[in-house]
Amino acid sequence: MTSAPTESLTTPETAARAIQRVGVVGCGVMGAGLAEVCARAGLDVLLISSGEAGLARGRDRLERSLAHAVRKGKITDSARAETLARIDWTTDLGAFHERQLVLEASPEHEPTKLDIFQALDKVVEDPDAILASNTSALPIARLARATTRPGQVLGLHFFNPAPILPLVEVISSLLTDDRPRQIAAAFVTNVLGKRAIHAGDRSGFVVNALLIPYLLSAIRMLDAGYASAQDIDQAMTLGCSHPMGPLALADLIGLDTVAAIARALHEESKEPTHAAPPLLSRMVDSGLLGRKTGQGFYTY
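Definitions and limits used
- Residues numbered from 1 in each chain as written.
- Predicted model: local features only at pLDDT ≥ 70, side-chain atom pairs only at ≥ 80, totals over all residues.
- Heavy atoms only, no water.
- Helix = DSSP H or I, 4+ residues; strand = E, 2+ residues; numbered from the N terminus.
- Buried < 20%, exposed > 50% of the residue type's maximum accessible area, 1.4 Å probe, protein only.
- Areas by Shrake-Rupley, 256 points an atom, 1.4 Å probe, with all protein chains shown as cover.
- Lys, Arg positive; Asp, Glu negative; His and termini not counted.
- Charge placed at Lys NZ, Arg CZ, Asp CG, Glu CD.
- Axes fitted to C-alpha atoms, helices over the stretch in contact; angles between N-to-C directions.
- Parallel < 35°, antiparallel > 145°, perpendicular 65-115°, else oblique.
- Left-handed = near helix turned anticlockwise from the far one by under 90°.
- Contact = heavy atoms within 4.5 Å.
- Nonpolar A, V, L, I, M, F, W, Y, C, P; charged D, E, K, R; others polar.
- Expected span 1.5 Å × (residues − 1).
- Arc of directions from axis to C-beta.
- Pairing = 2+ DSSP bridges.

On a plain count of helices and strands, the protein chain comes out with 13 helices and eight strands. With the C-alpha coordinates of the protein chain rotated into their principal frame, the extents come out at 75 × 45 × 35 Å. Residues counted as buried form 46% of the 300 residues belonging to the protein chain. Accessible surface, the protein chain as shown: approximately 14300 Å² in total, 54% of it carbon and sulfur. The average position of the 29 basic charges and that of the 33 acidic charges among the side chains of the protein chain differ by 4 Å.

Between helix 9 (residues 207–223) and helix 12 (residues 255–269), the least distance of the axes is 10 Å, while the angle of their chain directions is 110°. Classified by the interaxial angle, the pair formed by helix 9 and helix 12 is roughly perpendicular. Considering how the two elements wind past one another, helix 9 and helix 12 form a crossing that is left-handed. Here N208, A209, I212, P213, L215 and L216 of helix 9 come into contact with helix 12, specifically with V258, I261, A262 and L265. Taken together, the residues of the contact of helix 9 with helix 12 sort by class into nine nonpolar, one polar and no charged.

All right, on to helix 4 (residues 52–71) then. Because the α-helix completes a turn every 3.6 residues, residues three or four places apart line up on one side. In this model helix 4 runs 29 Å from its N-terminal to its C-terminal C-alpha over 20 residues, within 8% of the 28 Å that 1.5 Å per residue would give. Listed as buried for helix 4 are G54, L55, G58, L62, L66 and A69. Burial along helix 4 is one-sided: seen end-on, the buried residues are contained in an arc of 100°. Residues E52 and R71 are exposed on helix 4 and point more than 90 degrees away from its buried face. Buried residues in helix 4 make contact with helix 3 (29–40), strand 2 (44–48), helix 5 (77–85) and strand 3 (87–90).

Among the six residues of strand 6 (residues 153–158), six are classified as buried, and the element is accordingly described as predominantly covered. The alternating pattern of strand 6 places V153, G155 and H157 on one face and L154, L156 and F158 on the opposite face, and all of these are buried. Note that strand 6 and strand 7 (residues 167–172) share four bridges and pair antiparallel. In the strand pairing of strand 7, G155 is matched with I171.

Here you go:
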């Protein structure tokens, strides 16, 4: 009698716990956040940026976040040092050849993401490695088709700030194999300690398909002169018990990201309410992107 393949005897939970080497593509707000989440979970993390300046900004973001966690009593100073020691930095994508899981966290620009997945496909040697995108709205299937292993490509959509917010959307396309999806969900819950929900490969997935039209409506209301930004936000925090008003939340997400998600939603649905309002487009064109630039609907 022949024995069953080893993979079939390994549960998704066991396979998830076997993931020890994680790569993160991008040193922006989300990339640094994902690196912190994985390193705090005890994983070996390799973080890449296209240049030394990007790496320096990523280090600064990560160190400030960890220092904040120490001040808040979330971690000890020794845990902060151990977390930093688990993270390596590179500008060479070839260094990702031994990674078991790669989290892509580049800007919401489809050609850039396609180039990254095409390059990862050539570099990552393990055929069972999971290649995951943190995209907020772009189709996973299109990213998967840039590789020769579309069954191993899926979405793992974390939320900002990644070290604090517990939710992760696990998105599988029509091309994603079921086992990588199960392993990814088990990794999110059992290794990172987050909460996973499953979503289909539709623009905006679950959260942004609900959230972005709401944010766009608030921006249209401000542009039309219904009320001030402060009054619109207070209407929702004090009148509906939302923890943050829509305009402050848009600033936190990043107005360029909000606009990119709106474009993706509108491209798929053609719903007028999904189109970016003129005010949002003007602010993005002017470099007023919210918290990350110090100016959006509010000044930071």
